[in-house]
Amino acid sequence: MTAFGGASKLLVAAGAINGLILPITLSIVLIAGNKKEIVGKDYHHSRFLTVAGVIIIAFTLYAGIISISNLFSMFS
């Protein structure tokens, strides 16, 4: 049974680390979406979508940090 317990812990750890990738990726996409050099001068990214994206980044970053901090207690 310990082999399956160890595997599930590794899957939880991989999920927690992937949870930190989401806010980083969304930040890059939002920055790129607001640069005229990247999207072109005719495209205008909605301010509402930018603000919503920043709120989502903050929430997912907070959740990712909490999950990583809880991860350390799972392996100790």
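These numbers come from a predicted model, not from an experiment.

1. What about the overall build of the protein?
Thinking step 1. Scanning the protein from terminus to terminus reveals three helices and zero strands.
Thinking step 2. Each helix (α) and strand (β) of the protein, taken in turn from the N terminus, gives the series α-α-α.
Thinking step 3. Dimensions of the protein, computed from the C-alpha atoms along their principal axes, are close to 60 × 20 × 15 Å.
Thinking step 4. When each of the 76 residues of the protein is scored for burial, the buried share is 17%.
Thinking step 5. In the form shown here, the protein has an accessible surface area of approximately 5800 Å², with 76% of it arising from carbon and sulfur atoms.

2. A short note on the environment of Ser-27
Thinking step 1. Topologically, Ser-27 is positioned in helix α1 (residues 2-33).
Thinking step 2. Take Ser-27: its relative accessible area is 24%, and that puts it in the partly exposed class.
Thinking step 3. A C-alpha to C-alpha distance of 16 Å links Ser-27 and Ala-63, two positions 36 residues apart in sequence.
Thinking step 4. At 2.7 Å, the side chain of Ser-27 forms a polar contact with the backbone oxygen of Pro-23.

3. Let's talk about helix α3 (residues 47-75)
Helical periodicity: at 3.6 residues per turn, an α-helix aligns residues three or four positions apart in one direction.
Thinking step 1. With 29 residues, α3 ought to run about 42 Å at 1.5 Å a step, and its terminal C-alpha atoms sit 42 Å apart, in line with that.
Thinking step 2. Of all the positions in α3, only Thr-50, Gly-53, Ile-57, Thr-60, Gly-64, Ile-68 and Leu-71 are classed as buried.
Thinking step 3. For α3, the side-chain oxygen to backbone nitrogen distance between the N-cap and Phe-48 is 3.2 Å, and the N-cap itself is Ser-46.

4. Regarding the side chain of Thr-60
Thinking step 1. The topology assignment puts Thr-60 in helix α3.
Thinking step 2. A distance of 3.2 Å separates a polar atom in the side chain of Thr-60 from the backbone oxygen of Ile-57.
Thinking step 3. Excluding its chain neighbours within four sequence positions, the residues that come into contact with Thr-60 are Gly-19, Leu-22 and Pro-23.

5. Examining the side chain of His-45
Thinking step 1. Turning to its location among the elements, His-45 is positioned in the loop between α2 (36-39) and α3.
Thinking step 2. The exposure class assigned to His-45 is buried, which follows from its relative accessible area of 17%.
Thinking step 3. A distance of 2.9 Å separates a polar atom in the side chain of His-45 from a polar atom in the side chain of Tyr-43.
Thinking step 4. In contact with His-45, other than residues within four places in its own chain, are Leu-30, Gly-33, Asn-34 and Thr-50.

6. Brief notes about the confidence of the model for the protein
Thinking step 1. Per-residue pLDDT for the protein averages 86, and the proportion of residues at 70 or more is 92%.
Thinking step 2. Element-level mean pLDDT values for the protein span from 84 in α1 up to 90 in α2.

What counts and what doesn't
Residues numbered from 1 in each chain as written. Predicted model: local features only at pLDDT ≥ 70, side-chain atom pairs only at ≥ 80, totals over all residues. Heavy atoms only, no water. Helix = DSSP H or I, 4+ residues; strand = E, 2+ residues; numbered from the N terminus. Buried < 20%, exposed > 50% of the residue type's maximum accessible area, 1.4 Å probe, protein only. Areas by Shrake-Rupley, 256 points an atom, 1.4 Å probe, with all protein chains shown as cover. Polar contact = N/O pair within 3.5 Å; in protein donor to acceptor, adjacent residues only side chain to side chain. Expected span 1.5 Å × (residues − 1). Contact = heavy atoms within 4.5 Å. pLDDT = per-residue confidence, 0-100.

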